[in-house]
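Architecture and fold: a report
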Amino acid sequence: MNQENKDCYVVDGKLALPYQYFAGRTGSRFLISLRDKKKIFGVKCNKCDKVFVPPRQTCERCFENISNNWVELSDTGEIVNFSVVRYEGKHLPRKPPFVLALIKLGGADTPMTHIVEGIEPEKVEVGMKVKATFSDEPTNTILDLDHFEPV
Amino acid sequence: MANRAAICAVAQIPFESNLWQQRVQGMVFPVVKSIMEQTGVSFGGEKGIQNVVTCSDDVFDARTISDNGVTDEVGAHYQGEEKVAMDGVNAIAYALACILSGHDDVTMVVAHCKESQSEDRNMCTNLAFDPFYCRPVGLDYLNLAAMQARAYMDVSGITDKHLAKVVELSRKNAAENPLAIAREPVSAEEVMKSPMICDPIRDLHVYPVSDGAIAMLIANEDRCREFTDKPVWITGFGNCMDSYFPGDRNLASNFSLKRAAERAYIMAGVTNPEKEFDMAEVHSSYAYQLPMWCEGLGLCGEGNGGEWIDGGGMEKKNVNPSGGPLGGFPIMVGGLAGAAEAVLQLRGEAGKRQIYGAKKALAHGTTGAAGQHHAVMILENK
């Protein structure tokens, strides 16, 4: 070691800040539907003719308030893109390898990102049909929709 | 109001993958000192710098108001100081606005990032996503980049072999850059054998964990000659932000990059980007991004990325002579490192990697996941 660095040390740190994020009125309804009804809802911008999921209060394009235009989406959809996550990370919801995919649900125009399970990662393909599996225990998060599995 | 602004000096510390023995302040101070020594610029008073533009990220520094940590080192004590928490090319643009508005006649840009401080930079970038829908499923810059790579490779004819070539060439360039990290050559075969870490992204397709700092002095036309005989003019800038949710974006479309480039080209009077630049530094932190960004910038034809690499496009167009991010550029500092290389090239000070007669260069920086935001800058020495 460089003599200059002798007896130098690093101090361990950690950012651990308990925090509460307001989910918003639109987000709350979406998450409560997942948890209590096991249903996935999007919101439709009638002006742009587009169904968004995750939902939002305001259309990003035309600034219309779209928060009351709820559309029930199918619990099945198509994988439009995916990756096999092969690295570890404390922020990751699964041990590697696992599949993260963009899934376009029936009735939605924008795909949502979620975990795909019940299939070997090597066998996952774009175009594959998958169905939502809901969590047995409530998490009060998007993970009330636990993952998707091939139909 | 000033008519033009020029970059008068650049300073960079050699980037490293683990500068554990250096505090962030210790990374920043040498580049600021270097700018002072190169140009004789001072701080405060009528003639000195009265306003400094910094560039850093709170999460990577694990503190809020990350600029506060370096206030003294950047000469901002009792001065104006403003922070840009985006890629450094945007910090140059902020300085440009300070100059062109007449608010300042000389200012300094200072950027730093020490990626190695966090246990895992993917944990940092997971925090760039919304806390309700994307963070809980584990999205980070690497895995969204992987999905963008898949989407792009589908439409561009880019294969694993092309990506290997990009890494091989980038490393070859980095080998000539004493400030780069990944300077050992790798062959395309070795790249293709490196482990898949997030399909279709392999380990060697990803930029190394990088620590470093850069500073630049920027002045108006009236005063730039006080600091240099070789001013490099900022003649164009444009940026654009794409949608936030990954599913709202067409990941393969280069939507925001095309708009950013268009704005920069209009400002600089560039009509044929494929022909007009002597070199380009594109902020490609993953191998697939190099041809993808070059398509978005119009440096090669759209959907032609694969053919372009096969035909030696990267070498012919002098893309990333510094080695680029695959040689090791920290996040936030990345686009600024590219711009610094462009300045050296336009001044004829790029050593072994000098592109002779370079007059017009493009520097590009991207912020956010999978190129959500892009910034494009045109630099010229005339």
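Predicted model only: the values in this text are computed from it and were never measured.

**What about the overall build of chain A?**
The helix and strand inventory of chain A stands at one helix and eight strands. For chain A, the succession of helices and strands along the chain, N to C, is α-β-β-β-β-β-β-β-β. What you see for chain A is a C-alpha radius of gyration of 20 Å, clearly larger than the 15 Å of a compact globule of 151 residues, by over 25%. Expressed as lengths along the three principal axes of its C-alpha atoms, the size of chain A is roughly 70 × 40 × 35 Å. Relative to its full complement of 151 residues, chain A shows a buried share of 31%.

**Considering the nonpolar core**
Residues and elements named next belong to chain B. Counting 174 residues, the largest nonpolar core has Ile92, Val109, Ile214, Met216, Ile218 and Met377 as its most contacted members. Element by element, the count of residues in this core is highest for helix 5 (residues 141–156), at 10 residues. Discounting chain neighbours no more than four positions away, the residues touching Ile214 are Val10, Ala11, Gln12, Val31, Gly88, Ala111, Val333, Leu336, Ala337 and Ala340.

**Focus: the sheet that holds strand 3 (residues 70–73) of chain A**
Residue and element names in this part refer to chain A. Strand order in this open sheet of three strands is 2-1-3, and the pairing throughout is antiparallel. Strands with a single pairing partner mark the edges of an open sheet, and in this sheet they are strand 2 (50–52) and strand 3. Across the sheet, the mean angle from the axis of one strand to that of its neighbour is 40 degrees, orientation sign disregarded. The pairing of strand 1 (residues 40–45) with strand 3 spans four bridges and is antiparallel. Note that in strand 3 the partner of Phe41 across the bridge is Glu72.

**Let's talk about the interface of chain A and chain B**
The interface is formed by 33 residues belonging to chain A together with 31 residues belonging to chain B. When residues of the side of chain A that touches chain B are traced back to their parent elements, those giving at least two are strand 4 (76–85), strand 5 (98–105) and strand 6 (112–116) of chain A. With five residues, strand 4 of chain A is the single largest residue contributor to the side of chain A that touches chain B. Taken together, the residues that form the side of chain A that touches chain B break down as 19 nonpolar, 11 polar and three charged.

**A few points about the confidence of the model for chain B**
Summary statistics for chain B give a mean pLDDT of 97 and a share of 99% for residues scoring 70 or more. Both confidence scores are given for the complex: pTM 0.97, ipTM 0.96.

**What about helix 8 (residues 255–268) of chain B?**
Residues and elements named next belong to chain B. In a regular helix each residue adds 1.5 Å, so 14 residues correspond to 20 Å; helix 8 covers 20 Å between its end C-alpha atoms and thus fits that length. Buried within helix 8 we find Ser256, Leu257, Ala260, Ala261, Ala264, Tyr265 and Ala268. Here the buried residues of helix 8 occupy an arc of 160 degrees about the axis, which is enough to place them on one side. Of the surrounding elements, those touching the buried residues of helix 8 are strand 8 (232–241), helix 9 (273–276), helix 10 (289–296) and strand 11 (373–380). Directly after helix 8, the chain includes Gly269, whose backbone phi takes a positive value near 70 degrees.

Cut-off values and rules
- Residues numbered from 1 in each chain as written.
- Chains lettered and ligands numbered in written order.
- Predicted model: local features only at pLDDT ≥ 70, side-chain atom pairs only at ≥ 80, totals over all residues.
- Helix = DSSP H or I, 4+ residues; strand = E, 2+ residues; numbered from the N terminus.
- Rg over C-alpha atoms; globule rule 2.2 N^0.38 Å.
- Buried ≥ 20, exposed ≤ 12 C-beta atoms within 10 Å, placed from the backbone.
- Core = buried A, V, L, I, M, F, W, Y, C linked by C-beta atoms within 7 Å.
- Contact = placed C-beta atoms within 7 Å.
- Pairing = 2+ DSSP bridges.
- Axes fitted to C-alpha atoms, helices over the stretch in contact; angles between N-to-C directions.
- Nonpolar A, V, L, I, M, F, W, Y, C, P; charged D, E, K, R; others polar.
- pLDDT = per-residue confidence, 0-100.
- Expected span 1.5 Å × (residues − 1).
- Arc of directions from axis to C-beta.

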